[in-house]
Amino acid sequence: MALNASCLFCKIIKGEIPSYKVYETAKVYAFLDINPLAEGHTLIIPKYHGERTHDIPDEYLADVAPVAKKIALAFGAGSDDVEYNILQNNGTLAHQVVMHVHYHVIPKPTAESGLVIGWPQTAPSQDDLKAVHAKLIKNLEGSE
Ligand code: AMP
Ligand code: ZN
C-alpha cells in the first residue's frame, strides 16, 4: 500500500489511530467524520496517500462513487425526503484541512445543518464560454 507514515488518514487506514469504520474495499476506507456537519457524515479515503484527486490512481478513485452511494443508501437516501451532498476539497484555499484526499458524504437534514455553502455564480458571455471550452478541449486532447 502506498501510504505515508506521518499522515493522519494513512494512520487511520493502518489502524494506528482509531476510527468508526463504516465500510471498506481493497481500494478505499470509509469512516465517520469526528466533527460531523450532520449525523451520519462519513469520509471515504483512498488507501493511497495523495493530497488531491489528481494525485490518485484511477483504480482507487473507481471505488469512491459506488461506496458513496452505499453510504448514502445506509443513511436513508432511498427515501425521497433524505437529501445529501458529496464534497471533496482540493487545497487550503478550497477548504482542505487534512492533506490526504477524502470525499465527504454529508446528510442534509435541514437548511441550517449539513453542508452550508456559498454559490457565487457568474454570468460569462457566450464568447467567454466558447474560449474556456476550446481551451479545455485542447488540453484534454493533449492529455490522451
Ligand atoms: P477537509 O476540510 O475537507 O480537509 O475535512 C477534514 C475533515 O476531517 C473534517 O470534517 C474533520 O472533522 C475530519 N477529521 C479530522 N480528523 C479526524 C479523525 N481523526 N477522524 C475522523 N475525522 C476526522
Ligand atoms: Zn495519507
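Residues numbered from 1 in each chain as written. Chains lettered and ligands numbered in written order. Predicted model: local features only at pLDDT ≥ 70, side-chain atom pairs only at ≥ 80, totals over all residues. Heavy atoms only, no water.

Considerations on the site of ligand 1
Cut-off, in case you're wondering: Summary of the distance rule: residues count as near a molecule or strand when at least one heavy atom falls within 4 Å of that molecule or strand. Here a polar contact means two N or O atoms within 3.5 Å. Within protein one must be a hydrogen donor candidate and the other an acceptor candidate, and residues neighboring in sequence count only if both atoms are side-chain atoms. For every accessible area listed, the method is Shrake-Rupley and the probe measures 1.4 Å; residues are considered covered only by the protein chains on display. As defined here, a cavity is a set of points on a 1 Å grid over the protein atoms alone where a 1.4 Å probe fits but cannot get out. A pocket is an open set with protein on both sides within 12 Å along at least five of seven lines, and residues line them when an atom is within 4 Å of a point. The rule for placing a molecule in a cavity or pocket is simple: more than half of its atoms must lie within 2 Å of the grid points. Each helix is a run of H or I in the DSSP string that is no shorter than four residues. Each strand is a run of E no shorter than two, and both are numbered from the N terminus. Under the scheme applied here, ten amino acids are nonpolar (Ala, Val, Leu, Ile, Met, Phe, Trp, Tyr, Cys and Pro), four are charged (Asp, Glu, Lys and Arg), and all others, including Gly, are polar.
Around ligand 1 lies a shell of 16 residues, among which Asp 33, His 95, Val 97, His 102 and His 104 are the nearest. Here a nitrogen atom of ligand 1 and a backbone polar atom of Ile 34 are 3.1 Å apart. His 104 is positioned such that a nitrogen or oxygen atom in its side chain is 2.8 Å from an oxygen atom of ligand 1. Summarising the interface, the protein chains cover 82% of the accessible area of ligand 1, which totals 500 Å² for the free molecule. Placement of ligand 1 is best described as lying within the largest pocket. Looking at the shell around ligand 1, the elements with two or more residues in it are helix H1 (8-14) and strand S2 (28-32). Per-element tally for the shell around ligand 1: the top contributor is H1, with three residues. Residue classes in the shell around ligand 1 are distributed as nine nonpolar, six polar and one charged.

Concerning the packing of aromatic side chains
Convention followed: Stacked, tilted and edge-to-face are the three classes applied to pairs of Phe, Tyr and Trp rings, where Trp contributes its six-membered ring and a pair requires centres within 6.5 Å; stacked means planes under 30 degrees apart, edge-to-face means over 60, and tilted covers the rest. Each residue gets one of three labels from its accessible area relative to the maximum for its type: buried under 20%, exposed over 50%, partly exposed in between, using a 1.4 Å probe on protein chains only.
In the structure shown here, the tally under the stated rule is four aromatic pairs. Ring geometry for Tyr 29 against Phe 31: centres 5.7 Å apart, planes inclined by 35 degrees, an arrangement best described as tilted. Take Tyr 29: its relative accessible area is 8%, and that puts it in the buried class. Judged by its relative accessible area of 4%, Phe 31 falls in the buried class. Considering the side-chain rings of Tyr 48 and Tyr 60, the 5.2 Å spacing of their centres and the 50 degrees angle between planes classify their relative orientation as tilted. Here Tyr 48 is found in the loop between strand S3 (42-46) and helix H2 (58-61), whereas its partner Tyr 60 is found in helix H2, with 12 residues between them in sequence. Judged by relative accessible area, Tyr 48 falls into the partly exposed class, the value being 24%. Each member of the aromatic cluster is reached from another via a ring pair, and the members are Phe 9, Tyr 29 and Phe 31.

Everything listed is a geometric property; what it means functionally is a separate question.
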